Amino acid sequence: MTEHPKTETDHISQARAKILDAAVANAVFDGWGGPALAQAISDSGVDAGLAALAFPRGAVDLALAFHKRGDAALEVAAATEDMTHLRYSQKVARLLELRLEAMAPEQEAVRKAVAFFALPQNGADGARAIWDTADLVWRLLGDTSEDVNWYTKRATLSAVWSSAVLFWLGDTSEDFANTRAFITRRIDNVMSFEKFKAQMRKTPLAKLFAAGPGRILERVKAPTGPMRDMPGYMER
């Protein structure tokens, strides 16, 4: 039995899902541009007016919906994944692996999405999508940072995630074993750098900097409330 939407938001969400399903099926051939969206609307049978509400910015919103679906799949997978026996760095790596596993059946569609977001006019949205995935991973790990570390953690993991996706797209090893090893190496590099930073903070020069110019960093705060996923602010 088909479930009928209860609210206008539900109606739009269901329309968005139908169009996205149709787009993914053809993404290997059509990519994620405007013509692909038009074809997906036609294939899905969704009214054009409703489609405009589902994707107000057109093709870029369609590609972002595809990315967000992968993030949602990660949340579901993480909820049932037992990582209690893993070290912290291994947990980070495992979550990135789960995110890739969620995309694996649609690898060619992902390849087209990467090319789409590489276009200059879509670059900012692509970078934001990568940031959102990194933010999700940290939230799933229970990150509680509220200062400048909130930004550095997400910036660092964004770099790891974007490079992992590019590596994965060219990986022909069984079960993407080479990609898993690549992620482990990158995470180990990040953890080594974090240890180095912790050691540097104990040096006299670092302490002098923290007491002087470095104090401005104490004013940098993470986003809060409903704007949690937006750039933060600096206390005056």
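Residues numbered from 1 in each chain as written. Predicted model: local features only at pLDDT ≥ 70, side-chain atom pairs only at ≥ 80, totals over all residues. Heavy atoms only, no water.

1. A word on the nonpolar core
Note that soluble globular proteins tend to have their nonpolar side chains buried in a common cluster.
Okay, so step 1: Counting 56 residues, the largest nonpolar core has Ile19, Trp32 and Leu157 as the members making the most contacts within it.
Okay, so step 2: The element best represented in this core is helix α4 (residues 59-80), accounting for nine residues.
Okay, so step 3: Sequence-distant contacts of Ile19, defined by excluding residues within four places in its chain, comprise Leu37, Ala40, Ile41, Ser44, Val46, Ala51, Phe55 and Leu62. (Core = buried A, V, L, I, M, F, W, Y, C linked by side-chain atoms within 4.5 Å. Buried < 20%, exposed > 50% of the residue type's maximum accessible area, 1.4 Å probe, protein only. Helix = DSSP H or I, 4+ residues; strand = E, 2+ residues; numbered from the N terminus. Contact = heavy atoms within 4.5 Å.)

2. Here's the deal with the packing of aromatic side chains
The relation between two aromatic rings is expressed through the spacing of the ring centres and the mutual angle of the planes.
Okay, so step 1: One pass over the full model with this rule turns up seven aromatic pairs.
Okay, so step 2: For the ring pair Trp32 and Phe66, a centre distance of 4.7 Å and an interplane angle of 25 degrees mean the geometry is stacked. Of the two residues, Trp32 sits in the loop between α1 (8-30) and α2 (34-44) while Phe66 sits in helix α4, which places them 34 residues apart along the sequence. The residues Trp32 and Phe66 share a single accessibility class, namely buried.
Okay, so step 3: Residues Trp168 and Phe176 carry aromatic rings whose centres are separated by 5.7 Å and whose planes lie at 50 degrees to one another, so their mutual orientation is tilted.
Okay, so step 4: Trp168 gets classed as buried once you look at its relative accessible area, which sits at 1%.
Okay, so step 5: Among the aromatic residues, those joined into a cluster by ring pairs are Trp131, Trp150 and Tyr151. (Phe/Tyr/Trp six-rings, centres within 6.5 Å; stacked < 30°, edge-to-face > 60°.)

3. Details of the pattern of salt bridges
Okay, so step 1: The final tally for this structure, using the stated rule, is 16 salt bridges.
Okay, so step 2: Each of Glu81, Arg94, Glu97, Glu101, Asp175 and Arg180 takes part in salt bridges that share partners, so that together they form one network. (Salt bridge = Lys/Arg side-chain N within 4 Å of Asp/Glu carboxyl O.)

4. Thoughts on helix α7 (residues 123-140)
Okay, so step 1: A rise of 1.5 Å per residue sets the reference length of α7, with its 18 residues, at 26 Å; its end C-alpha atoms lie 26 Å apart and thus fit the reference within 8%.
Okay, so step 2: Among all positions in α7, only Asp125, Gly126, Ala129, Thr133, Ala134, Asp135, Leu136, Val137 and Trp138 are buried. (Expected span 1.5 Å × (residues − 1).)

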